[in-house]
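# Observations on chain architecture
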Amino acid sequence: MGLIGPALLAMLALGAPIAVALIGVTVAFILYDPLLSESAIFRSFFSFVNKYTLMAIPFFVYAGFLMERTGLIKKLFRFADALIGWLPGGFAYATILAAVMFGAISGSSTAMAAAMGLVAYPEMLKRGYPKWMAAGVIATGGGIAILIPPSITLILYGVLTEQSITKLFFAGVTPGIMLAISDAIIVLTMAAILALPASKFSLRELWSAFVEAVPALLMPVIVLGGLYGGVLTPTESGAAACAYAMAYGAVALRGDFFKEAYSATQRAVNLTAILFFVLGGVGIFQFLLANQGWPQDIAEAVTKMGLSPVAFLGLLMVVLLLLATCLTGVAVLVLVVPVIYPVSITLGIDPIHLGILFALCIEMGAVIPPVGLNLFAVSGTTGVPVTTVMRGSFPFLCTDGCVLVLCLLIPALVLWLPNLVVQSVFG
Amino acid sequence: MDYVFDRIYRVVRFLLDDIIGNLATLAMFMGTGLAIVEVFRRYVFGVVFDWGQDAVTYGIVSSVFLYFAVTQARRSHLRVSFVVDALEEGGKQKAVLLIRTLITAISLLLYSALATWGIPTVERSMMMERTTLSMVLVIWPFQLALVVTFVLMAIVTFFQLYQDVRALFGKKVFEWAAVEEGIDI
């Protein structure tokens, strides 16, 4: 039985699909024990993914793809540029602001980074920004989307730990804003050092960009307003986002809408299939964990070591960042959460706080080599070498690290908003 | 032999990419439409279908299940690839092929086993007339969709194994079917 852990690691390292690795070790365990039934494997897979809460993922992904096909990003981008592009290094701020706004719609950091790479990068070069900085801003700006609702990462964490997704969404707001501010500070510093250009402020341009972007800006209002007002559940909010995206697409694209909608639907099914296959594997793996008692063993070891919750979290963050350098965010989440979550609960760590720390590590992992999906997404769409994107991302990575440490040491930064709003709305 | 396998695999891929892929896309579209209708009915008229939430969940999940076979055919399931990438960059092509063949063989075994183990579950659900949470929809068609998915995944993985084994012996087959497609983001 002691071979299960190494076997899992070996299968993962050899490039087996994550779900295959998880299912493979569980099957080996069940076949070894004559008291366990094989049909439990099938049932675990089936029941773990058939949850109404999980439907929020395909809905938000779908809404994001639909909005992307309607040229929404360009409109948001133009508005962000008109709003703050006149500041020194303003176009970089505008890119980050557009990333945050689009992140609030699609919930996908990598999709956002790839899309912004196409829209923002050529414009930044045209305005005299160095390649490394332009690529770095785009790769890192997308990371904030992981914390801004509706974050797919937070929905997944909520499903894996059976925590309130609405509460997690609220908890992500303050760290998300902190990341945006810290990124702005970096841009300001770079703008001063590199003497970056600023465009002129025009009230007429701002008004025209605002009018054009109003339908796009209404989307987060509907999605987040429904959630914040306690009116819609996250899944209903996702469905409402889809309804709005479809209505908007039908008006904006008219005859071309169905062609674009088909492509968006297919991409949404594809991404959901990739995620749900891994989740099915986790459903089966949890069966193994329950029988093996790994979380209990770890909790016992941590207690014996006399680690305080903060020390444990610090250690966990180091491990997560190391894992994030070679695993994708979803992989980190599905492999670590089922093992570590029960341990954290034993140590009295707030599950919402833990979820946000996970998201922050995953956000940083998206720009840490060698995997860092955002690095590759930006490199792929801009044609800039990955090493150049890494160079541009590094200063942002440092400030992100500061935000992570602050959130780790001061849980109130994360918890004040969900405790204030969710309790007052839901009693 | 290669020619026969090529023809059969083309039929399988046509079934997956063009028929099942489109059916799953349509089911996703319809499931989303039903979810929107349910939200509208609930907040405007204050009523919902008893089976609405279950139909949305099981309908969308079943369409996603079927799409698993399409993503398997495209080899785009989420994996950790840095070791294999490092080997590939280091010119260890033979090792990469060997690892890929091993993983494909394990995948084939697992998908076949899951399909086999799923059949008794479907039979029991049919016999006991098990329903979803709403107590309105019977659950076995959705479980059957997952069994069919694993069967399709096993079939497609069999052809991928054939492709990998032939590659090990220096022979290229199914050149139209990419070995590494990665994730569509």
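For the structure, see preceding data.
Tallying secondary structure elements over chain A gives 20 helices and zero strands in all. Over its C-alpha atoms chain A spans a radius of gyration of 22 Å, differing by no more than 12% from the 22 Å that the globule rule assigns to 427 residues. Buried residues in chain A amount to 63% of all 427 residues. Counted over contacts in chain A with a minimum sequence separation of 6, partners at least 24 positions apart contribute 80%. For chain A, the computed accessible surface area is about 15000 Å², with 70% contributed by carbon and sulfur atoms. Distance between charge centres in chain A, computed from 17 positive and 17 negative side chains, equals 13 Å.

To continue, consider the nonpolar core. In terms of nonpolar packing, the biggest core is built from 223 residues, with A:Ile18, A:Phe276, A:Leu316 and B:Phe150 touching the most fellow members. No other element matches helix 13 (residues 257–292) of chain A, which puts 18 residues into this core. Residues in contact with A:Ile18, not counting those within four places in the same chain, are A:Leu12, A:Val278, A:Ala331, A:Val334, A:Leu335, B:Leu78, B:Arg79 and B:Val80.

Here we take up the packing of helix 5 (residues 72–84) of chain A against helix 11 (residues 203–228) of chain A. Residue and element names in this part refer to chain A. With their axes 8 Å apart at the nearest point, helix 5 and helix 11 run at an angle of 140° to one another. One element, helix 5, and the other, helix 11, form an angle in the oblique class. Of the two possible hands of crossing, helix 5 and helix 11 adopt the one that is left-handed. For the pair formed by helix 5 and helix 11, the contact residues are Leu72, Lys75, Leu76, Arg78, Phe79, Ala82 and Leu83 on the first element and Glu205, Leu206, Ser208, Ala209, Phe210, Glu212, Ala213, Ala216 and Leu217 on the second. Considered class by class, the residues forming the contact of helix 5 with helix 11 number eleven nonpolar, one polar and four charged.

Glancing now at the interface of chain B and chain A. Where the parts come together, the accessible area they lose is often given as the size of the interface. In this complex, chain B contributes 53 residues to the contact, which on the side of chain A involves 56 residues. The interface formed by chain B and chain A contains one salt bridge. One salt bridge connects A:Glu236 with B:Arg42, and the closest N-O pair in it is separated by 2.4 Å. For the interface between chain B and chain A, the tally reads five residue pairs in polar contact (both at pLDDT 80 or more).

This next bit is on the pattern of salt bridges. Should their charged atoms come close, side chains of opposite charge can pair. Residues and elements named next belong to chain A. Throughout the structure, instances matching the rule amount to 14 salt bridges over all chains. In this structure, the salt-bridge partner of arginine 78 is glutamate 212, at a minimum N-O distance of 2.8 Å. On the criterion of sequence distance, the pair formed by arginine 78 in helix 5 and glutamate 212 in helix 11 is long-range, its members being 134 residues apart. For arginine 78, a relative accessible area of 27% translates into the label partly exposed. The salt bridge involving lysine 126 is made with glutamate 123; its shortest N-O contact spans 3.6 Å.

Before going further, it helps to examine the environment of A:Phe312. Residue and element names in this part refer to chain A. Looking at the secondary structure, you find phenylalanine 312 in helix 15 (residues 309–324). Classification of phenylalanine 312 by relative accessible area gives buried; the value is 6%. Along the backbone, phenylalanine 312 and leucine 347 are 35 residues apart, and their C-alpha atoms lie at a distance of 8.8 Å.

Here we take up helix 2 (residues 18–32) of chain A. When the terminal C-alpha atoms of helix 2 of chain A are compared, their 22 Å separation across 15 residues agrees well with the 21 Å that a helix rising 1.5 Å per residue should span. With twelve of its 15 residues buried, helix 2 of chain A lies for the most part within the structure. In this fold, the buried residues of helix 2 of chain A make contact with helix 1 (4–13), helix 3 (39–49), helix 13 and helix 16 (329–346) of chain A together with helix 4 (93–127) of chain B.

Our next topic: a nonpolar patch on the surface. A surface patch of nonpolar side chains, amounting to about 580 Å² of accessible area, comprises A:Val231, B:Phe40, B:Tyr43, B:Val44, B:Phe45 and B:Val47. Along the chain, A:Val231 falls in the loop between helix 11 and helix 12 (234–253). Using a relative accessible area of 47% as the deciding quantity, one classes A:Val231 as partly exposed.

A ring pair, where both rings are aromatic, is described by two values, the distance of the centres and the angle of the planes. Residues and elements named next belong to chain A. A complete count under the given rule lists 30 aromatic pairs over all chains for this structure. Aromatic side chains tryptophan 86 and phenylalanine 201 sit 5.7 Å apart centroid to centroid with 75° between the ring planes, which places their arrangement in the edge-to-face category. Residue tryptophan 86 is located in the loop between helix 5 and helix 6 (90–106), and its partner phenylalanine 201 is located in the loop between helix 10 (165–194) and helix 11; the two are separated by 115 residues in the primary sequence. A relative accessible area of 38% means that tryptophan 86 is categorised as partly exposed.

One can find A:Ser379 in helix 18 (residues 373–382). Once you skip the residues sitting within four places of it in the chain, A:Ser379 turns out to touch A:Val384, A:Pro385, A:Val386 and A:Val389.

Definitions and cut-offs
Residues numbered from 1 in each chain as written. Chains lettered and ligands numbered in written order. Predicted model: local features only at pLDDT ≥ 70, side-chain atom pairs only at ≥ 80, totals over all residues. Heavy atoms only, no water. Helix = DSSP H or I, 4+ residues; strand = E, 2+ residues; numbered from the N terminus. Rg over C-alpha atoms; globule rule 2.2 N^0.38 Å. Buried < 20%, exposed > 50% of the residue type's maximum accessible area, 1.4 Å probe, protein only. Contact = heavy atoms within 4.5 Å. Areas by Shrake-Rupley, 256 points an atom, 1.4 Å probe, with all protein chains shown as cover. Lys, Arg positive; Asp, Glu negative; His and termini not counted. Charge placed at Lys NZ, Arg CZ, Asp CG, Glu CD. Core = buried A, V, L, I, M, F, W, Y, C linked by side-chain atoms within 4.5 Å. Axes fitted to C-alpha atoms, helices over the stretch in contact; angles between N-to-C directions. Parallel < 35°, antiparallel > 145°, perpendicular 65-115°, else oblique. Left-handed = near helix turned anticlockwise from the far one by under 90°. Nonpolar A, V, L, I, M, F, W, Y, C, P; charged D, E, K, R; others polar. Salt bridge = Lys/Arg side-chain N within 4 Å of Asp/Glu carboxyl O. Polar contact = N/O pair within 3.5 Å; in protein donor to acceptor, adjacent residues only side chain to side chain. Expected span 1.5 Å × (residues − 1). Patch = residues over 30% accessible without salt bridge, like charges linked within 9 Å, V, L, I, M, F, W, Y side chains within 5 Å. Phe/Tyr/Trp six-rings, centres within 6.5 Å; stacked < 30°, edge-to-face > 60°.

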